[in-house]
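A structural walkthrough
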Amino acid sequence: MASPSKEKDAVFVSEVQSAPPTPRPPVSAPPSQIQSPAAGGAGGRSPLRAMASPLRAMATPLASPVRKAVASVKGALEEVGHITRLADPRDAWLPITESRSGNAYYAAFHNLSSGIGFQALVLPAAFASLGWSWAITCLTLAFAWQLYTLWLLVRLHEPVAGATRYSRYMHLATTVFGERWAKILALLPVMYLSAGICTALIIVGGGSMKILFSIACGEACLARPLTAVEWYLVFVCAAVLLSQLPNLNSIAGVSLVGATAAVAYCTMIWVVSVAKGRVPGVSYDAVKATNDVDGALQILNGLGIIAFAFRGHNVVLEIQGTMPSTLKHPSHVPMWKGVKVAYAIVALCFYPLAIGGFWAYGNQIPPNGILSALYKFHSRDVSRLVLGTTTLLVIINCLTAFQIYAMPVYDNMEAGYVHKKNRPCPWWMRSGFRAFFGAVNFLIAVALPFLSQLAGLLGGISLPVTLAYPCFMWVAIKKPRRGTATWNVNWGLGILGMSISFVLIVGNLWGLVETGLNVKFFRPADVQ
């Protein structure tokens, strides 16, 4: 007859063997090591079954401590099993998902650096096109709208706890729209928001370097100044050198520097502009158009400037992909904390810059924005130190923002090699990819300097990425009940976003037909 101790041990072994299999921990090793004995246990058996086998032979009082140890290991494995898995184990070799040690601070740094940029400096020009009341109303509605769609994307990053995480915008778009339609609807806007903004950053950053040199050298400078193209090359070399940092988490410090620079130069510009007072002959009436066509184009231009000011949605999922996530501590919690902090600071920069800039310059604001107005109206009565510091901060922000917007492109380039060769991209090839991307953007900036005239058109094409697609994605994945408030709001905002995008595209094409396109290849102009 079996002893009570043996019966208890037999019952415990039976319970261990009949327990449901524990989910496997996230894959952080190369695929070649996933099925190794060290990773999965002998013969591919689960760790609990491997531990259960020797327990059958145990009929001594030592079984009690062993049982406690097994229970502890079981609890630990269950906790580890709650960590969400990568969509593809090879993602552990790519720049965006290579490191998952991010936190709310990193999220705030990245979102702030990508959310504030040179496009904010043009906001006073939108006020000149729309007037006080309409411009403030549109700016507020656009800010609230893009903040809501940001919240949607943060929650859609991991729609089901413990399931696959969508760490790339195109991955989520492909899941919702299908591979074919995702390429048609989302690929061009997403690539434009990455590569197009990087090209614009080269133009703005290189032009600012040229201005900084002239400010530092002074009017009596004997040194031969570099041409605009040569300054573009200097900027690209600095950006490519900085881009050798391996992954998105590794540039958190760079993003902090860039975010600080952006907040500093936005504050300095509007404070100096307001302190110097209104320029002579200032008027706050919207610029009157000569005919109805020009008036419509003027309104569309103002709306396009406001829409273009809110960017960064194409890198939100990527930023959240750098964070760890468990059932107990999902990634959307620290990510949303970082987003709230970042966009509170964005609002504190945008509103004073737009309102203060329009108050100081009115309808005399140059098309290039408030920075050009500062140079135009106050180059004589503002110290060179202030002008030089402001320009230097603009350059720093352009260099750091380049890294964030280029990272999805780097990730996509390396993914082709990783998926084909099934191994990590070597360091020399990674450096080559990043140098090649910088060279292509430099060539576009030099060869097609008239791209600024197409900004409204391209902005209309990319607008759905920010204001429309997240709403459709939420309905497709979360499947709210038809007719509910959530269903109506998301369908309404999605359709409205697509309508605004269509109007902006048609309006800008109409404007190009009416006014013509000033095409000058390989003749880049200065920022001013």
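Identification of the chain as Amino acid transporter transmembrane domain-containing protein from Paspalum notatum var. saurae is taken from an unreviewed UniProt entry. Per its UniProt entry, the chain bears the Subcellular location (unreviewed entry) comment "Membrane".

Here we come to the overall build of the chain. Helix and strand content of the chain: 20 helices and zero strands. Buried positions account for 45% of the 528 residues belonging to the chain. Contacts in the chain between residues far apart in sequence, at least 24 positions, make up 83% of those at least 6 positions apart. Within the structure as shown, the chain displays about 24,600 Å² of accessible surface, and the carbon and sulfur contribution to it stands at 67%.

Below, the discussion takes up the packing of aromatic side chains. Per the stated rule, a full pass over the model turns up 16 aromatic pairs. Taken together, a centroid distance of 5.7 Å and an interplanar angle of 85° make the contact between Tyr410 and Phe437 edge-to-face. Of this pair, Tyr410 sits in helix α16 (residues 384-421) while Phe437 sits in helix α17 (residues 427-447), and the two are 27 residues apart along the sequence. Comparing Tyr410 with Phe437, the two get one shared label, buried. A centroid spacing of 6.0 Å and a plane angle of 55° characterise the contact between Trp487 and Trp491, whose relative ring orientation is tilted. Residue Trp487 and its partner Trp491 are both found in helix α20 (residues 485-515); the two are separated by four residues, about one turn of the helix. Each residue in the set Phe127, Trp132, Tyr284 and Phe358 is aromatic and connected to the rest through ring pairs, giving one cluster.

Here Thr400 lies in helix α16. What makes Thr400 buried here is its relative accessible area of 4%. When neighbours within four sequence positions are excluded, Thr400 is seen to be in contact with Ser113, Val254 and Gly258.

It is worth spelling out the environment of Phe442 at this point. Mapped onto the elements of the fold, Phe442 is located in helix α17. Those residues within four positions of Phe442 in sequence are excluded, and the remaining contacts are Ile202, Val229, Tyr232, Leu233 and Val236.

Confidence in the prediction of the chain, expressed as mean pLDDT, is 80, and 79% of residues score 70 or more. When the criterion is pLDDT under 50, residues 4-63 qualifies, and its contacts beyond four places in sequence or with other chains add up to 54 contacts. Note on residues 73-82: pLDDT is under 50 here. Beyond four places in sequence and across chains, it has 15 contacts.

With that settled, consider the packing of helix α7 (residues 132-156) against helix α14 (residues 332-361). Where α7 contacts α14, the axes come no closer than 11 Å and their chain directions differ by 165°. Classed by the angle they form, the pair α7 and α14 counts as roughly antiparallel. In this structure, α7 meets α14 at a crossing whose hand is right-handed. Along the contact surface, α7 presents Trp132, Ile136, Leu139, Thr140, Phe143, Gln146, Leu147, Leu150, Trp151, Val154 and Arg155, while α14 presents His332, Met335, Trp336, Val339, Tyr343, Val346, Ala347, Tyr351, Ala354, Ile355, Phe358 and Trp359. Each residue belonging to the contact of α7 with α14 can be placed in one class, and the counts come to 19 nonpolar, three polar and one charged.

This next bit is on the environment of Thr391. Inspection of the secondary structure assignment puts Thr391 in helix α16. Assessed through its relative accessible area of 1%, Thr391 is described here as buried. Filtering out sequence-adjacent residues up to four positions away, Thr391 remains in contact with Ser208, Ile211, Leu212, Ile215 and Tyr375.

This brings us to the nonpolar core. Counting 113 residues, the largest nonpolar core has Ile306, Phe350 and Phe402 as its most contacted members. When residues of this core are assigned to their parent elements, the largest contribution, 14 residues, is made by α16. Residues in contact with Ile306, not counting those within four places in the same chain, are Leu123, Ala126, Leu130, Ala135, Cys138, Leu139 and Ala142. Among the nonpolar cores identified, the runner-up in size contains five residues, and Trp145, Leu300, Leu463 and Leu504 belong to it.

Extensive coverage of helix α6 (residues 123-130) is indicated by the burial of eight of its eight residues. The complete set of buried residues in α6 reads Leu123, Pro124, Ala125, Ala126, Phe127, Ala128, Ser129 and Leu130. Elements in contact with the buried residues of α6: α7, α12 (292-309), α14 and α15 (370-378). Following α6 by one or two positions, Gly131 adopts a phi angle in the positive range, close to 90°.

Further remarks concern the pattern of salt bridges. According to the stated counting rule, one finds six salt bridges in the structure shown. In this structure, Arg168 and Asp411 form a salt bridge, with 2.7 Å as the shortest nitrogen-oxygen distance. With a gap of 243 residues between them, Arg168 in the loop between α7 and α8 (169-177) and Asp411 in helix α16 connect regions that are remote in the sequence. Across the salt bridge formed by Arg434 and Glu414, the nearest N and O atoms sit 3.3 Å from each other. Separated by 20 residues along the polypeptide, Arg434 in helix α17 and Glu414 in helix α16 bring together distant segments of the chain. Among the ionic contacts, a cluster of salt bridges with common partners joins Glu98, Glu414, Arg430 and Arg434.

With that settled, the discussion passes to the packing of helix α9 (residues 179-217) against α17. When two helices pack together, their arrangement is captured by the angle between the axes and the distance separating the axes. Between α9 and α17, whose axes approach to 9 Å, the crossing angle comes to 65°. By the angle class used here, α9 and α17 are roughly perpendicular. Considering how the two elements wind past one another, α9 and α17 form a crossing that is right-handed. Across the interface between the two elements, Ala195, Cys198, Thr199, Ile202 and Ile203 of α9 pack against Phe437, Asn441, Phe442, Ile444 and Ala445 of α17. Class assignment of the residues belonging to the contact of α9 with α17 gives a composition of eight nonpolar, two polar and no charged.

We now examine the environment of Glu98. The residue Glu98 is located in the loop between α4 (63-81) and α5 (104-115) in this model. On a C-alpha basis, the gap between Glu98 and Leu248 in space is 8.3 Å, while along the polypeptide they are 150 residues apart. Beyond its immediate chain neighbours, meaning those up to four positions away, Glu98 contacts Asp91, Ala92, Trp93, Pro246, Asn247 and Arg430. Within the structure, the side chain of Glu98 is placed 3.0 Å from the side chain of Asn247, a separation counted as a polar contact.

Here we take up the side chain of Ser462. For Ser462, the position within the fold is in helix α18 (residues 455-467). The residues contacting Ser462, other than those within four sequence positions of it, are Pro189, Tyr192 and Leu193.

Criteria and thresholds
- Residues numbered from 1 in each chain as written.
- Predicted model: local features only at pLDDT ≥ 70, side-chain atom pairs only at ≥ 80, totals over all residues.
- Heavy atoms only, no water.
- UniProt positions renumbered as here; feature names shortened; annotations may be inferred.
- Helix = DSSP H or I, 4+ residues; strand = E, 2+ residues; numbered from the N terminus.
- Buried < 20%, exposed > 50% of the residue type's maximum accessible area, 1.4 Å probe, protein only.
- Contact = heavy atoms within 4.5 Å.
- Areas by Shrake-Rupley, 256 points an atom, 1.4 Å probe, with all protein chains shown as cover.
- Phe/Tyr/Trp six-rings, centres within 6.5 Å; stacked < 30°, edge-to-face > 60°.
- pLDDT = per-residue confidence, 0-100.
- Axes fitted to C-alpha atoms, helices over the stretch in contact; angles between N-to-C directions.
- Parallel < 35°, antiparallel > 145°, perpendicular 65-115°, else oblique.
- Left-handed = near helix turned anticlockwise from the far one by under 90°.
- Nonpolar A, V, L, I, M, F, W, Y, C, P; charged D, E, K, R; others polar.
- Core = buried A, V, L, I, M, F, W, Y, C linked by side-chain atoms within 4.5 Å.
- Salt bridge = Lys/Arg side-chain N within 4 Å of Asp/Glu carboxyl O.
- Polar contact = N/O pair within 3.5 Å; in protein donor to acceptor, adjacent residues only side chain to side chain.

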